[in-house]
Amino acid sequence: MSGPKPSDPKSGGLPTAELAARLAKGATPDARAEVAATVGKALEAGTLGAGEMQLATDIVRRLAIDVERQVRESLAAAVRRTSDLPHDVAIALARDIASVARPVLEESSVLTDSDLVELISADDEDKQLAVATRPTLSEAVADALVAHGTENVVVAVVSNPGAVLAEPTLDLALDRFPDSERVHAPLVARDALPVAVAERLVAMVSDRLQGELVRRHSLPLDLATDLILDGRERATLGLVNDSSPPERVEDLVRSLANGGRLTSSIVVRAACIGDVTFVETALAVLAKVPVDNAGRLVHDSGRRGLEALADKAGIGPRDRVVLRAAVETVDETELGDGPTDRQRFAETVIERVLTRFDTDEMGVSDEDVMYLIKKLEGYVAARPDAASL
């Protein structure tokens, strides 16, 4: 039994005589639009012979410059997923008015990243939005959209799970729209964020999104307590703890240092809640020494190493006294591996530091005392037996 004839549209072939009649002089826009749909389906099927492919190419080039918008719209919709579409036709359709360009901009694999970046730079919001919804966006295309696009476009980009968003692109989105919850919300909802971007978001987003940021990005649960205090330094410490990978802590520390936010107060507070990894890394970055070396100096039995390192890091005399006391307490306190041992460890360190110093003397400042008390209250409230206390 023989198969369908090449001229049968179901076979992917072209009904040549019929197409010629519909494209003849005087053919209506509706007829030409039907031809566009027929040729587009045949191209997408990928079964055209050499002669038919040449005919189809000639037809789409002709229809791509048809005076009737209806015809060009029909063609663009029909060829949006056609990998055999000639590049010049894809470009012509993409440069057309938005209603024609949209299907091609949304899906055509024929358009290159360079094509898309060039089209984005024309500052047509409708076209930028079409590009922003493509199934995948390369780093270059996503960056161009964030750089040139309106708030609506940037929201679409950061909401696209197929977009490759580099840290500079994410920073640019926050720089351009620092007060936009429409931009913040999809950023918080992304599967992964660079730690430096998460650190920026902590200080920018609403209370509702702060909780979502903590939940989705494996930030410690006690960060919520820090955020209530409305201080950037208070919020920052909650982003890492001793269980965080060293490179994650270092990313955060360097981000803070680069932004001028790695203060003595943050280092002291980290020590007072037992975040030794943060302290060692922060002192290393501030003193410009290797982190391994800083770790050995911090725990030097005579504390001379800690004193010298803290001095080189720019930690003032008053803060060095508290830092030393906190490190000594950490070294003297055993950290267990139970589910609540980390909290109890931090409670113990805070209590001993607060007991050791009077705020009116050389010791913990009033501001730091309030921070530590709030932290202590948060730890106590989180205990499984808190209701009975």
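Residues numbered from 1 in each chain as written. Predicted model: local features only at pLDDT ≥ 70, side-chain atom pairs only at ≥ 80, totals over all residues. Heavy atoms only, no water.

### Digging into helix H11 (residues 167-176)
Quick reminder of the rule: With a 1.4 Å probe rolled over the protein chains alone, any residue whose accessible area is under 20% of its type maximum counts as buried; one over 50% counts as exposed, and the rest are partly exposed. We count a stretch as a helix when DSSP gives it H or I for four or more residues in a row; a strand needs E for two or more, and each element gets its number in order from the N terminus. As used here, the arc belongs to the directions running from the helix axis to the C-beta atoms.
Buried within H11 are the following residues: Thr169, Leu170, Ala173 and Leu174. Around the axis of H11, the buried residues are gathered within 140° of arc, so they sit on the same side.

### Some details on the side chain of Arg80
What counts is decided by this rule: Only heavy atoms matter for contacts: two residues are in contact if any of them lie within 4.5 Å across the pair.
Here Arg80 is to be found in the loop between helix H4 (69-79) and helix H5 (87-94). We classify Arg80 as buried; its relative accessible area is 17%. Excluding residues that lie within four positions of it along the chain, Arg80 makes contacts with Pro103, Glu106, Glu107 and Ser108.

### Section: the pattern of salt bridges
This is how the line gets drawn: Whenever Lys or Arg places a side-chain nitrogen within 4 Å of a carboxyl oxygen from Asp or Glu, that contact is recorded as a salt bridge.
All told, the structure shown has 15 salt bridges when counted by the stated rule. Salt-bridge contacts for Arg69 lead to Glu73; the nearest nitrogen and oxygen are separated by 3.4 Å. Here Glu73 and Arg69 lie together in helix H4, a separation of four residues that amounts to about one turn. Taking relative accessible area as the criterion, Glu73 reaches 27% and is therefore assigned partly exposed. Note that Glu118 is salt-bridged to Arg95, the shortest N-O span being 3.2 Å. With Glu118 in helix H7 (residues 113-120) and Arg95 in the loop between H5 and helix H6 (98-107), this pair connects stretches of sequence that are 23 residues apart. Residue class for Glu118 comes out partly exposed when judged on its relative accessible area of 45%. Residues joined in a network through salt bridges with shared partners are Arg80, Arg81, Glu106 and Glu107.

### Some points on the nonpolar core
Nonpolar side chains in soluble globular proteins tend to end up buried together. Selection rule: Put simply, a nonpolar core is a bunch of buried Ala, Val, Leu, Ile, Met, Phe, Trp, Tyr and Cys residues held in one set by side-chain atoms that sit within 4.5 Å of each other.
With 62 residues, the main nonpolar core has Leu93, Leu105, Leu145, Val157 and Leu201 as its most contacted residues. Excluding residues that lie within four positions of it along the chain, Leu201 makes contacts with Leu174, His184, Leu187, Val188, Leu193 and Leu213. Within the second largest apolar cluster, 40 residues are counted, among which are Val253, Ile266, Ile350 and Leu372.

### Focus on unusual backbone geometry
Positive phi values are uncommon outside glycine, yet Asp123 reaches one of about 60°. If you check the backbone angles, Lys288 has positive phi at about 60° while not being a glycine. Positionally, Lys288 belongs in the loop between helix H19 (276-287) and helix H20 (291-298). For Lys288, a relative accessible area of 73% puts it in the exposed group.

### What about the packing of helix H9 (residues 139-148) against H11?
How we decide: Throughout, an axis means a line fitted to C-alpha atoms (over the contacting stretch in the case of helices), and angles, computed between N-to-C directions, take values from 0 to 180 degrees. Note on angle classes: values under 35 degrees are labelled roughly parallel, values over 145 roughly antiparallel, values of 65 to 115 roughly perpendicular, and the remainder oblique. Three residue categories are used. Nonpolar comprises Ala, Val, Leu, Ile, Met, Phe, Trp, Tyr, Cys and Pro, charged comprises Asp, Glu, Lys and Arg, and polar comprises the others, including Gly.
The interhelical angle for the contact between H9 and H11, taken along N-to-C directions, is 10°, at an axis separation of 9 Å. When the axis of H9 is compared with that of H11, the two are roughly parallel. The segment H9 lies against H11, with Ala142, Asp143, Val146, Ala147 and His148 engaging Thr169, Leu172, Ala173 and Arg176. Of the residues that constitute the contact of H9 with H11, the class distribution is five nonpolar, two polar and two charged.

### Quick look at the confidence of the model for the protein
Atomic detail in the predicted coordinates should be set aside for any region of low pLDDT. Definition in use: pLDDT expresses, on a scale from 0 to 100, how confident the predictor is about each individual residue.
Across the protein, pLDDT averages 80, with 77% of residues at or above 70. This model gives residues 219-225 a pLDDT under 50, and the stretch forms 18 contacts once residues within four places in sequence are excluded. Counting contacts from residues 227-236, a segment whose pLDDT is below 50, to residues more than four positions away or on other chains yields 25 contacts.

### Considering empty space enclosed by the protein
As a reminder, the rule being used: Here a cavity is any set of points on a 1 Å grid over the protein atoms alone where a 1.4 Å probe fits but cannot get out, and a pocket is any open set with protein on both sides within 12 Å along at least 5 of 7 lines; a residue lines the site when it has an atom within 4 Å of a point. Grid points are joined across faces, edges and corners, and a volume is the space filled by probe spheres set on the points.
Applying the stated criterion across every chain, the model contains two cavities of 30 Å³ or more. Taken as a whole, the largest cavity encloses approximately 50 Å³ of empty space. Contributing to the lining of the largest cavity are Ala270, Ala271, Gly274, Asp275, Val276, Val279, Val298, His299, Val327 and Val330. Secondary-structure elements contributing two or more residues to the lining of the largest cavity are helix H18 (264-272), H19 and helix H22 (317-332). Of the residues in the lining of the largest cavity, the class split is seven nonpolar, two polar and one charged. The computed volume of the second largest cavity comes to approximately 30 Å³. Forming the boundary of the second largest cavity are Arg303, Leu306, Glu307, Ala310, Arg320, Leu323 and Arg324. Partitioned by chemical class, the residues of the lining of the second largest cavity number three nonpolar, no polar and four charged.

### Considerations on the environment of Asp300
What counts is decided by this rule: Identification of polar contacts relies on pairs of N or O atoms within 3.5 Å, with a donor-acceptor requirement for protein atoms, meaning one able to donate a hydrogen and the other able to accept it, and with residues adjacent in sequence counted only if both atoms are side-chain atoms.
On the secondary structure map, Asp300 appears in the loop between H20 and helix H21 (304-312). For Asp300, a relative accessible area of 27% translates into the label partly exposed. Polar side-chain contacts of Asp300 include one of 3.3 Å to the backbone nitrogen of Arg304.

### Topic: the packing of H19 against H20
Test applied: Working rule for handedness: look at the near helix, and if it is turned counterclockwise from the far one by less than a right angle, call the crossing left-handed; if clockwise, right-handed.
The interhelical angle for the contact between H19 and H20, taken along N-to-C directions, is 115°, at an axis separation of 8 Å. In this structure, H19 meets H20 at a crossing whose hand is right-handed. Across the interface between the two elements, Glu280, Thr281, Leu283 and Ala284 from H19 touch Val291, Ala294, Gly295 and Val298 from H20. In terms of residue class, the contact of H19 with H20 is made up of five nonpolar, two polar and one charged.

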